[in-house]
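# An overview of the molecular structure
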Amino acid sequence: MADDKAKENAKVAVPASSSGFNPITFVGEVNAEMKKVSWPNRRELVSYTLVVGLATFVVCVLVWACDAFFARLFELLLK
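All of the points below concern the structure found in this document. (Residues numbered from 1 in each chain as written. Predicted model: local features only at pLDDT ≥ 70, side-chain atom pairs only at ≥ 80, totals over all residues. Heavy atoms only, no water.)

### A few points about the overall build of the protein chain
When helices and strands are tallied, the protein chain shows three helices and zero strands. Beginning at the N terminus, the succession of helices and strands in the protein chain can be written as α-α-α. For the protein chain, the accessible surface area stands at approximately 7,800 Å², while carbon and sulfur atoms represent 69% of it. (Helix = DSSP H or I, 4+ residues; strand = E, 2+ residues; numbered from the N terminus. Areas by Shrake-Rupley, 256 points an atom, 1.4 Å probe, with all protein chains shown as cover.)

Here you go:
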């Protein structure tokens, strides 16, 4: 009984047209999906860009500080 249910579920998972890749259909589906995307306006885009830039700067400073700390530590240990 469980085996029959598994076979039914496996049949449902198979796509209807598995004959191959059709580039024209693919481009049409991509175009349809891109119309559903919620694109940010200019103000949101600038805001997001500034947040990413600030986060990148903070991470760079932290990596630099750790690098300087460990460089000094190893310099003292190896003397």
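### So, the pattern of salt bridges
As enumerated under the stated definition, the model contains two salt bridges in all. In this structure, E33 and K36 form a salt bridge, with 3.2 Å as the shortest nitrogen-oxygen distance. With E33 and K36 both in helix α2 (residues 23-36), this residue pair falls three residues apart, about one helical turn. For E33, a relative accessible area of 45% translates into the label partly exposed. (Salt bridge = Lys/Arg side-chain N within 4 Å of Asp/Glu carboxyl O. Buried < 20%, exposed > 50% of the residue type's maximum accessible area, 1.4 Å probe, protein only.)

### Quick look at α2
Between its terminal C-alpha atoms α2 stretches 20 Å, which fits the 20 Å expected from 14 residues at 1.5 Å a residue. Its side-chain oxygen 3.2 Å from the backbone nitrogen of I24, N22 forms the N-cap of α2. (Expected span 1.5 Å × (residues − 1). Polar contact = N/O pair within 3.5 Å; in protein donor to acceptor, adjacent residues only side chain to side chain.)

### Re the packing of aromatic side chains
By the definition in use, this model includes three aromatic pairs. Between the aromatic rings of F21 and F26, the centroid separation amounts to 5.6 Å while the plane-to-plane angle is 50 degrees, which identifies the pairing as tilted. Since its relative accessible area comes to 63%, F21 is described here as exposed. On the basis of relative accessibility, which here comes to 43%, the residue F26 falls in the partly exposed class. Taken together, a centroid distance of 5.1 Å and an interplanar angle of 70 degrees make the contact between F69 and F70 edge-to-face. The class of F70 is partly exposed, set by a relative accessible area of 42%. What links up through ring pairs into an aromatic cluster is the set F69, F70 and F74. (Phe/Tyr/Trp six-rings, centres within 6.5 Å; stacked < 30°, edge-to-face > 60°.)

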